[in-house]
Amino acid sequence: MKKKFKLNEREQEQIDLLKKYYEIDDEKRIIKVVLHYASIDEILLCDIESINHPQFDESLLRKISDLFASFPLEYKVDICLKIDDYKGYDPKDINDAFLDKIKMFNYETRKETSHHWLVASGLAFISIIIMFVRILLTEHELIPSGSMIDEILDIVSWVFLWEAVTIVFLSPSDLKQISMKIAFRIASVFYLDKDSKILFFQKIDTISKDAILETRRKAFGRATLLCAGTASIVTGVISSINLLITMLDPELWKIIDVALFLPLVSVNFLLNILFVIGGLAAVSYFQNRRSIQRFVPFFAYSFLIVDSILIIGAIVALVISQFSSGSFGFTEFFSLLLSLVISIAYSIGYFLTKRNKKHA
């Protein structure tokens, strides 16, 4: 037996107040809102005329969204559009226009979110590069640690990183809030004539909610791919610079076996180049540009192979360290773990977007 829903004292006072202005079904937890318009022209874009395909003015959706602020979250809403003069429009066509406007909001939300993620990833990339440059300069004593330049670089890097976090997590999206409220708070939409007779109605729950959830799943996959791609670029660039600095050390060439070292360095450089190209491909995929995004599937599958190689390499390194004077230290472990996280996130992000494309 379904447990009966019970309001707390504050919520009950809110409902009692709302009952003065709205018809409320406590059993179904639905608030009925009647929006009265003398003419259909008041909620349509009249300057874009099409009798067969009317277009909703988004101000209506914003008005509905604003009304939800005064309603308890546990209650859904029935929107009743009472229109005295439909001016020849079929209510079903009006309803289709309403649903299309919701979908357009979803598209605009996805575009806005994609822009935020892209800008944030760029800011994070700049932040990490500045941090890396600062570490290099202080380690090689080109600038004194704690000097003014060192402090400025430190502050600037953290400012860029904070801006990236703010854009993604702390800046509310107006379009996203509206589309989410419309999808999850509206139960049904009714179209009434001037005598309050129902001409047509549509349940919104399953239609808009499924579209929103699908958009969110796909957005998560694309965001994961973008983050992994950005991390791949950063990893490839920093690893290559580190390797070049190591090779410029004259003392190194006195103690290494050149015949063994050069092939290893060549393989390392090749992997770094592939990481950078794979990252650029992921960014291109996120932007839906057809330049190098076609390489994303190749890198997604390649990274799965790289994961296997890294895991096997880690096991071999651990075994060798047990029978030699060397050790598999924290630096090696962290580098391995970072590469695994990036490559796994890259593959997961791609396969999520691929799955959603198949189910779209």
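**Quick word on the nonpolar core**
Counting residues in each nonpolar core, the largest one holds 37 residues, and the members touching the most others are Leu 35, Phe 56, Ile 64, Ile 79, Leu 81, Phe 98 and Ile 186. Elements with a minimum of two residues in this core: α1 (9-18), β2 (30-39), α2 (58-67), β3 (76-85), α3 (91-139), α5 (174-185) and β4 (186-192). Per-element tally for this core: the top contributor is α3, with six residues. Residue contacts for Leu 35: discarding those within four places in its chain leaves Leu 60, Lys 63, Ile 64, Leu 67, Ile 79, Cys 80, Leu 81 and Lys 82. One finds Ala 281, Val 296, Phe 303 and Ile 342 within the second-largest nonpolar core, a separate group that totals 13 residues.

**Description of the confidence of the model for the protein**
Summing up the model confidence of the protein, the mean pLDDT is 80 and the portion of residues at 70 or higher is 82%. Below a pLDDT of 50 lies the segment residues 356-360, which in the model reaches five contacts outside its immediate sequence neighbourhood of four places, other chains included.

**What about the packing of aromatic side chains?**
All told, the structure shown has nine aromatic pairs when counted by the stated rule. Relative to Phe 98, the ring of Phe 56 has its centre 5.4 Å away and its plane inclined at 75°; by these criteria the two rings are edge-to-face. With Phe 56 in the loop between β2 and α2 and Phe 98 in helix α3, this pair connects stretches of sequence that are 42 residues apart. With 6.4 Å between their ring centres and 45° between their planes, Tyr 191 and Phe 200 make a pair best called tilted. On the basis of relative accessible area, Tyr 191 is assigned to the buried category, the value being 0%. Ring pairing ties together the aromatic residues Tyr 285, Tyr 301, Tyr 350 and Phe 351, which thus form one cluster. In this structure, Arg 185 packs its charged tip against the face of Phe 68, placed 5.2 Å from the ring centre. A cation over an aromatic ring shows up here: Arg 222 above the ring of Phe 286, its NZ or CZ 4.4 Å from the ring centre.

What counts as what
Residues numbered from 1 in each chain as written. Predicted model: local features only at pLDDT ≥ 70, side-chain atom pairs only at ≥ 80, totals over all residues. Heavy atoms only, no water. Core = buried A, V, L, I, M, F, W, Y, C linked by side-chain atoms within 4.5 Å. Buried < 20%, exposed > 50% of the residue type's maximum accessible area, 1.4 Å probe, protein only. Helix = DSSP H or I, 4+ residues; strand = E, 2+ residues; numbered from the N terminus. Contact = heavy atoms within 4.5 Å. pLDDT = per-residue confidence, 0-100. Phe/Tyr/Trp six-rings, centres within 6.5 Å; stacked < 30°, edge-to-face > 60°. Lys NZ or Arg CZ within 6 Å of the ring centre and 35° of its normal.

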